[in-house]
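# Reading the structure
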Amino acid sequence: MIDKINQALWLVATVLLIGGGIYFTFRLSFVQLRFKTMFRSFKTKEKEEISPFKSLTMALAARIGVGSLAGIALAIHLGDIGTIFWIWISSFLTLPNTFAESVLAMKYREKDGPYHKGGPSFYIDKGIQKKNLAKVYALLIVVAYLIGFLTIQANTIAASLSTSVAMQPIVTGIIIAIVTAFIIFKGLKGISDATSKLVPIMGIGYLLISAIILTSHLNELPALFLAIIQDAFTIKSAIIGVFTTFLIGIQRGIFATESGLGSGAIASATTDSNNKIGQGMIQMLGIYFTTFVICTSTAFIILTSDYQTLLFENINGIEITQYALTYHLGNLGSVFLNLVIIFFAFSTILTGYYYGEVNFKYLVPNWKNSMLVILKIITILLLLWGSVAKATFLWNIVDILVALMAIINMYALFRLRQEVVKEYKSYQQKSG
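These lines cover the structure that appears in this document, whether it is placed above or below. (Residues numbered from 1 in each chain as written. Predicted model: local features only at pLDDT ≥ 70, side-chain atom pairs only at ≥ 80, totals over all residues. Heavy atoms only, no water.)

## Re the packing of helix α5 (residues 82-107) against helix α13 (residues 276-303)
Formally: Between the N-to-C directions of two axes lies an angle of 0 to 180 degrees, each axis being a line fitted to C-alpha atoms and, for a helix, fitted only over the stretch in contact. Strands here mean DSSP runs of E at least two residues long; helices mean DSSP runs of H or I at least four residues long; both are numbered from the N terminus. Reported orientations rely on four angle classes, namely roughly parallel under 35 degrees, roughly antiparallel over 145, roughly perpendicular from 65 to 115, and oblique for the rest. By definition, any crossing whose near helix is turned counterclockwise from its far helix by less than a right angle is left-handed, and any crossing with a clockwise turn is right-handed. By the convention adopted, Pro, Cys, Tyr, Trp, Phe, Met, Ile, Leu, Val and Ala count as nonpolar, Lys, Arg, Asp and Glu as charged, and the other residues, Gly among them, as polar.
Between α5 and α13, whose axes approach to 8 Å, the crossing angle comes to 155°. It follows that α5 is roughly antiparallel to α13 by the angle criterion. Crossing angle aside, the handedness with which α5 passes α13 is right-handed. Here the residues of the contact of α5 with α13 sort into 17 nonpolar, eight polar and two charged.

Following this line, the structure appears as structure tokens:
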């Protein structure tokens with residue numbers, strides 16, 4: 001029953017995500033190809049406590065989580081290697097959705113003490129005057145991140161350490177909960193400071209190891225590229241096979257990049273910068289890095305191993321990536337993956353909590369500090385539960401919530417599309 005609901009929701013979400021992406025691609029003159037502007041957007045003359053770079057690392061912390069490791073492996077496991085092609089295609093086509101939601105987040109954000117807060121809940125409320133829908137979206141974010149995404153991160157860390165060093169999942173959960181508590185009780189500044197340090201370290205480290213592995217398999221890569229493209233269109237059944245591969249690829253691509261969900265817009269709104277277009281450009285650059293560098297590296301590390309020999313029942317996905325790295329690097333691969341998972345998943349936990357907190361504040365306008373303390377305690381307890389919960393159950397729940405978020409956010413982007421186009425054209429006229 002859950003599978004059927006999941007498939008139906010994702011069919012609707014896919015149409016909206018791809019349709020919206022294509023619309024913005026043409027209306028914004030292929031904005032996703034303006035690479036010079038993306039890199040120039042980091043430059044600012046303003047003195048900022050939450051800089052554009054910090055807002056990017058917060059968004060990347062959420063995106064480069066286990067979706068880049070376990071999610072990609074799961075996509076290959078469920079839909080074969082052709083899913084990678086559809087992840088590439090969906091990421092490119094949905095990039096303008098990320099741009100649009102970031103621009104709107106900047107336009108409709110609010111002050112939150114010395115900082116800023118914003119995201120879909122705010123532009124749904126203020127932009128299209130749909131307060132009840134904004135509340136539904138906010139509730140979905142709170143549930144999806146605090147109960148779904150965060151518990152999956154804890155589950156993945158626990159599964160990896162249980163396999164490699166025989167650490168009991170509950171022990172792992174306790175450690176995660178303690179470290180998380182130490183940071184999230186410092187608020188936005190503590191979270192942004194932590195992710196701005198964790199993301200560059202984990203990104204560079206993962207790329208170095210990936211480069212070492214793939215360099216030794218350079219002669220295999222052209223054939224793998226061709227096999228991925230062929231498998232995207234010619235697997236098992238000419239109709240059902242392609243559709244399954246396509247849908248799984250889209251689903252995992254969106255899960256990995258969060259493009260079109262609106263969650264990245266929450267991170268965009270935190271910056272002290274007032275450059276709406278610049279924030280949209282920066283967030284698109286983050287999607288490129290997530291999909292075409294991190295996720296693709298993971299895919300090729302798996303595909304150059306003999307992962308097909310594995311058999312699983314309650315699969316998280318991380319087991320395949322773990323096997324592939326061990327296949328290439330021996331015991332060093334297992335040690336490296338444990339470190340990567342801890343960095344990737346933990347940074348996602350931090351940003352995910354912040355996403356939940358911002359939307360909790362929207363749902364409870366007259367919130368008190370004591371309420372936030374309770375929210376943080378609940379988050380910590382959920383991390384403990386997530387470390388011992390069943391992975392398949394967690395993935396199914398998250399998939400449904402993500403689809404609902406995508407549907408609501410894309411509806412809002414459609415309603416506010418002219419505002420995005422107007423902002424972009426105004427920027428083009430000023431910049432020449």
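Having seen it, we continue.
## Regarding the environment of Leu350
Our working definition: Using a 1.4 Å probe on the protein chains alone, a residue whose accessible area is under 20% of its type maximum counts as buried, one over 50% counts as exposed, and one in between counts as partly exposed. Here, residues are in contact when the closest pair of their heavy atoms is within 4.5 Å.
Within the element layout of this structure, Leu350 appears in helix α15 (residues 331-363). You can call Leu350 buried: its relative accessible area is 0%. Linking Leu350 and Tyr137, residues 213 residues apart in sequence, is a C-alpha distance of 20 Å. Filtering out sequence-adjacent residues up to four positions away, Leu350 remains in contact with Ile183, Ile184, Ile191, Ala194, Thr195 and Leu198.

## Digging into helix α3 (residues 52-63)
The line we're drawing: A helix's residues, less one, multiplied by 1.5 Å, set its expected span.
For α3, which comprises twelve residues, the first-to-last C-alpha distance of 16 Å matches the rise-based estimate of 16 Å (1.5 Å per residue) to within 8%. Burial analysis of α3 places eleven of its twelve residues in the buried class, the great majority of the element. Of the residues making up α3, those classed as buried are Pro52, Lys54, Ser55, Leu56, Thr57, Met58, Ala59, Leu60, Ala61, Ala62 and Arg63.

Just distances and angles here, no functional claims.
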